[in-house]
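# Observations on chain architecture
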Amino acid sequence: MRKFIAFIGVAALAAGCTTNPYTGETQASKTVIGTGVGAASGAALGAIGGAIAGGEAGKGAAIGAGVGALAGMGVGAYMDRQEAILRQKLAGTGVRVVREGQNLRLIMPGNITFATDSADIAPQFYTTLNAVALVLNEFPETLIEVTGHTDATGKAEYNQRLSQQRAGSVAQYLIAQGVAPNRTLAQGAGESMPIASNETPTGRAQNRRVEIRIRPMTR
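Let me begin by describing the structure that accompanies this report. (Residues numbered from 1 in each chain as written. Predicted model: local features only at pLDDT ≥ 70, side-chain atom pairs only at ≥ 80, totals over all residues. Heavy atoms only, no water.)

## Regarding the pattern of salt bridges
- For the structure shown, the criterion picks out ten salt bridges.
- Here R105 and E211 are joined by a salt bridge, their closest N and O atoms 3.0 Å apart. Of this pair, R105 sits in strand β4 (residues 103–109) while E211 sits in strand β7 (residues 209–216), and the two are 106 residues apart along the sequence.
- Take E211: its relative accessible area is 10%, and that puts it in the buried class.
- Salt bridges here are not isolated pairs; linked through shared partners, they connect D80, E83, R87 and R99. (Salt bridge = Lys/Arg side-chain N within 4 Å of Asp/Glu carboxyl O. Helix = DSSP H or I, 4+ residues; strand = E, 2+ residues; numbered from the N terminus. Buried < 20%, exposed > 50% of the residue type's maximum accessible area, 1.4 Å probe, protein only.)

Next up, the structure:
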């Protein structure tokens, strides 16, 4: 077991070696050092857990190493990587990616997601949602909140119902693409959270939207 943990630490450090631009010496980056320490700690905990459960220590250590590596990497680095991939995949789609601390928010304008007064996803938007689902599946240590929004045209009760239905449609589509249901929450905000004035056509168009908020499970 000690040899296994030592191997994880050495492998992590070796993979993350960089050259110091000032001294010319080889060194391990701080990120990789954190990952290696987390992996080694996780491996030890996994081995203990496997022994307690009567399972194989090696298998428990491997599972623990994976969890420990994520903890060692840190929430910031985890969300940084997810943000970069989302920006790359959603470039040119009309979807905005906004960073808010350690959270991410995807803003999907109503004119590209749904037809007027409809909760059926526009067929041309499937490709975009497929890209979002792929990234969400690649980063499973996050929770997803899908919120529908409308402008202030019409009755508030109708707008609330429509926003809930639209959020539900997006959430169900993501789940159908493999996103775990227990990570996903769908809710409607109706006309209660405008981001622009409802007095102009441009403002109302901005208010008609679906947002996906992605936050790390550790928070």
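## Re unusual backbone geometry
- With a phi angle near 60°, D117 is a residue other than glycine that sits in the positive phi range.
- Of note, D117 is situated in the loop between α5 (110–113) and α6 (126–138).

## A short note on the pairing of strand β6 (residues 184–190)
- When strand β5 (residues 142–149) meets β6, the two strands line up parallel, connected through six bridges. Across the sheet, the residue bridging to H149 is G190, located in β6.
- Taking the sense of rotation as the criterion, the β-α-β connection linking β5, helix α7 (residues 156–176) and β6 turns out right-handed. (Pairing = 2+ DSSP bridges. Right-handed = clockwise from strand over helix to strand, strands pointing away.)

## With respect to the nonpolar core
- Residues L106, L174 and I212 are the most contacted members of the largest nonpolar core, which totals 31 residues.
- The set of elements that each furnish at least two residues to this core consists of α4 (75–90), β4, α6, β5, α7 and β7.
- If near-sequence neighbours (up to four positions away) are discounted, I212 is found in contact with L104, R105, L106, M108, V132, I144, E145, V146, V170 and L174. (Core = buried A, V, L, I, M, F, W, Y, C linked by side-chain atoms within 4.5 Å. Contact = heavy atoms within 4.5 Å.)

## Some points on the side chain of E145
- Note on placement: E145 falls in strand β5.
- Only 3.1 Å separates the side chain of E145 from the side chain of R215, close enough to count as a polar contact.
- When residues no more than four places from it in sequence are discounted, the contact partners of E145 are L185, Q187, E211, I212, R213 and R215. (Polar contact = N/O pair within 3.5 Å; in protein donor to acceptor, adjacent residues only side chain to side chain.)

## Some details on α4
- Between its terminal C-alpha atoms α4 stretches 22 Å, which fits the 22 Å expected from 16 residues at 1.5 Å a residue.
- Regarding α4, the residues found buried are Y78, M79, Q82, E83, I85, L86 and L90.
- Looking one or two places after α4, you find G92, whose phi comes out positive at around 80°. (Expected span 1.5 Å × (residues − 1).)

## Describing α6
- In this model α6 runs 18 Å from its N-terminal to its C-terminal C-alpha over 13 residues, within 8% of the 18 Å that 1.5 Å per residue would give.
- Listing the buried residues of α6 in full gives T128, L129, A131, V132, A133, V135 and L136.
- The inward-facing, buried residues of α6 contact α4, β4, β5, α7 and β7.

## Topic: the packing of α6 against α7
- The contact between α6 and α7 brings their axes to 9 Å, and the two run at 60°. One way to sum up the angle between α6 and α7 is to call them oblique. For the pair α6 and α7, the sense of crossing is right-handed. The segment α6 lies against α7, with Y126, L129, N130, V132, A133 and L136 engaging V170, Y173 and L174.
- Its residues assigned to classes, the contact of α6 with α7 comprises eight nonpolar, one polar and no charged. (Axes fitted to C-alpha atoms, helices over the stretch in contact; angles between N-to-C directions. Parallel < 35°, antiparallel > 145°, perpendicular 65-115°, else oblique. Left-handed = near helix turned anticlockwise from the far one by under 90°. Nonpolar A, V, L, I, M, F, W, Y, C, P; charged D, E, K, R; others polar.)

## Examining the pairing of β4
- The buried fraction of β4 is high, at six of seven residues.
- Two strands pair when backbone bridges link them, and strand β3 (residues 96–100) and β4 are joined in this way by five bridges, in the antiparallel orientation. Bridged to R99 within β4 is L104.
- Once β3 ends, the chain turns through two residues before running back antiparallel as β4, passing G101 with a positive phi of about 65°.
- Bridging between β4 and β7 involves six bridges; their strand directions are antiparallel. By the bridge assignment for β7, R105 is matched with R213.

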